[in-house]
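So you can see what is in the structure, the chains are spelled out below.
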Amino acid sequence: ALLPIAQEVLFEVANLRGLHRTCIHPYFSVINELRVVGKVEGMVCAISKPPASLILYPHAFPKLKAIRLIYVGRLFYMRMSLSFLTAITRLTALTELTLCGATFVNLGHIQSLIRSLARLSRLSLSNIEFAQGMFPTSTYTPLPGHIPAVAAIRPKLAHLSIAPTNSTMASAEVARWLG
């Protein structure tokens with residue numbers, strides 16, 4: 001067994017792939033940052049199955065403050081469901097979100113994700129694009145125009161980092177919306 005201070009340092013940051021290793025399970029309670037880097041096969045399904053699905057339960061990851069999704073693949077965002085957004089509102093300790101290489105259906109789609117994080121104070125966006133016209137509508141899960149009332153307001157961010165791309169105005173639209 002590891003000393004508590006060693007546990008907190010060694011398991012402070014975890015990768016989604018690592019959550020499937022049973023040796024990591026006893027340390028879920030000390031994880032405060034989850035990184036998902038690169039396309040993960042079946043990402044939408046992977047997050048909905050144990051142990052990754054535990055991310056959506058605050059009692060399993062009580063210290064989870066940051067999620068960083070880096071080039072996880074377009075379909076992850078395109079197939080994000082209302083149940084996922086509803087579940088993510090339960091992560092009350094979550095204050096940081098990083099999205100890099102993300103494709104959303106439109107501004108309303110990314111707004112739904114951002115609004116679902118009621119305590120969000122740090123947001124980093126890089127290489128964001130909207131898929132309007134890029135994919136057939138059957139490719140993505142349509143989200144209703146509203147999300148749970150508890151998260152229906154625009155976040156008050158202490159830090160916003162946006163790296164725009166030359167090929168799309170998505171980052172500018174998100175920045176305009178955030179004020």
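Everything here concerns the structure above.
Residues numbered from 1 in each chain as written. Predicted model: local features only at pLDDT ≥ 70, side-chain atom pairs only at ≥ 80, totals over all residues. Heavy atoms only, no water.

Engineer: What is the right way to look at the overall build of the protein chain in this model?
Structural biologist: Assigned secondary structure in the protein chain consists of six helices and eight strands. Residue pairs at least 24 apart in sequence account for 75% of intrachain contacts in the protein chain once pairs closer than 6 positions are excluded. (Helix = DSSP H or I, 4+ residues; strand = E, 2+ residues; numbered from the N terminus. Contact = heavy atoms within 4.5 Å.)

Engineer: Looking at this structure, how should I read the packing of aromatic side chains?
Structural biologist: Taken as a whole and judged by the stated rule, the model has one aromatic pair. Considering the side-chain rings of Phe 28 and Phe 61, the 4.6 Å spacing of their centres and the 25° angle between planes classify their relative orientation as stacked. You can see Phe 28 sitting in the loop between β1 (13–15) and β2 (33–37) and its partner Phe 61 sitting in the loop between α2 (43–48) and β3 (66–70), a full 33 residues away along the chain. Looking at Phe 28, the relative accessible area reads 6%, which means it is buried. (Phe/Tyr/Trp six-rings, centres within 6.5 Å; stacked < 30°, edge-to-face > 60°. Buried < 20%, exposed > 50% of the residue type's maximum accessible area, 1.4 Å probe, protein only.)

Engineer: I'm lost on the pattern of salt bridges in this one. Help?
Structural biologist: Oppositely charged side chains can form a pair if their charged atoms are brought close together. Throughout the structure, instances matching the rule amount to four salt bridges. In this structure, the salt-bridge partner of Glu 33 is Arg 68, at a minimum N-O distance of 3.1 Å. Within this pair, whereas Glu 33 is found in strand β2, its partner Arg 68 is found in strand β3, the two being separated by 35 residues in sequence. With a closest N to O distance of 4.0 Å, Arg 122 and Glu 96 form a salt bridge. On the criterion of sequence distance, the pair formed by Arg 122 in strand β6 (residues 122–126) and Glu 96 in strand β4 (residues 96–100) is long-range, its members being 26 residues apart. Residue classification places Arg 122 among the partly exposed residues on the basis of a relative accessible area of 36%. Here the salt bridges share partners, and the residues they tie into one network are Glu 33, Arg 35, Arg 68, Glu 96 and Arg 122. (Salt bridge = Lys/Arg side-chain N within 4 Å of Asp/Glu carboxyl O.)

Engineer: Is there a simple way to explain the packing of helix α5 (residues 107–115) against helix α6 (residues 170–178) in this structure?
Structural biologist: The packing of two helices is summarised by the inter-axis angle and the distance between the axes. Running from amino to carboxyl end, α5 crosses α6 at an angle of 50°, the nearest separation of the two axes being 11 Å. Considered as vectors, α5 and α6 are oriented oblique to each other. The crossing of α5 and α6 is right-handed. Contacts between α5 and α6 involve Leu 107, Ile 110, Gln 111, Ile 114 and Arg 115 from the first element and Glu 173, Val 174 and Trp 177 from the second. Looking at the contact of α5 with α6 residue by residue, the classes come out as five nonpolar, one polar and two charged. (Axes fitted to C-alpha atoms, helices over the stretch in contact; angles between N-to-C directions. Parallel < 35°, antiparallel > 145°, perpendicular 65-115°, else oblique. Left-handed = near helix turned anticlockwise from the far one by under 90°. Nonpolar A, V, L, I, M, F, W, Y, C, P; charged D, E, K, R; others polar.)

Engineer: Would you mind showing me how to read the sheet that holds strand β8 (residues 159–163) here?
Structural biologist: Picture the strands of a sheet paired through backbone hydrogen bonds; they go either parallel or antiparallel. The strand order across the open sheet formed by six strands is β1-β2-β3-β4-β6-β8, and the pairing between neighbours is parallel. Because the sheet does not close on itself, it has two edges, and the strands there are β1 and β8. Across the sheet, the axes of successive neighbouring strands diverge by a mean angle of 10°, strand direction being ignored. In this sheet, β4 lies alongside β3 in parallel orientation, the contact comprising five bridges. (Pairing = 2+ DSSP bridges.)

Engineer: What is the right way to look at α6 in this model?
Structural biologist: Helical geometry note: an α-helix holds 3.6 residues per turn, so side chains three or four residues apart project in the same direction. Inspection of α6 places Ala 170, Ser 171, Val 174, Trp 177 and Leu 178 among the buried residues, and these make up the whole buried set. End-on view of α6: buried residues confined to an arc of 125°, all on one side of the axis. Against α5, β6, β7 (129–130) and β8 lie the buried residues of α6. Gly 179 occupies a position one or two residues after α6 and carries a positive phi of about 80°. (Arc of directions from axis to C-beta.)

Engineer: Honestly, the nonpolar core in this entry has me stumped. Any pointers?
Structural biologist: As a rule of thumb, soluble globular proteins bury nonpolar side chains together. Core analysis: the largest hydrophobic core is formed by 42 residues, its most contacted members being Leu 99, Phe 104 and Ile 110. Listed by contribution, the elements that provide at least two residues to this core are β2, β3, α3 (74–78), α4 (82–88), β4, α5, β6 and α6. The element that contributes the greatest number of residues to this core is α6, accounting for four residues. With residues up to four places along the chain from it excluded, the contact list for Leu 99 reads Leu 69, Tyr 77, Phe 104, Ile 110, Leu 113, Ser 124, Leu 125, Ser 126 and Ile 128. (Core = buried A, V, L, I, M, F, W, Y, C linked by side-chain atoms within 4.5 Å.)

Engineer: What's the story with the environment of Thr 98 in this structure? I'm lost.
Structural biologist: Within the element layout of this structure, Thr 98 appears in strand β4. Between the alpha carbons of Thr 98 and Ser 124 there is a distance of 4.7 Å; along the sequence they are 26 residues apart. Excluding residues that lie within four positions of it along the chain, Thr 98 makes contacts with Ile 67, Arg 68, Leu 69, Ile 70 and Ser 124. A distance of 2.9 Å separates a polar atom in the side chain of Thr 98 from a polar atom in the side chain of Arg 68. (Polar contact = N/O pair within 3.5 Å; in protein donor to acceptor, adjacent residues only side chain to side chain.)

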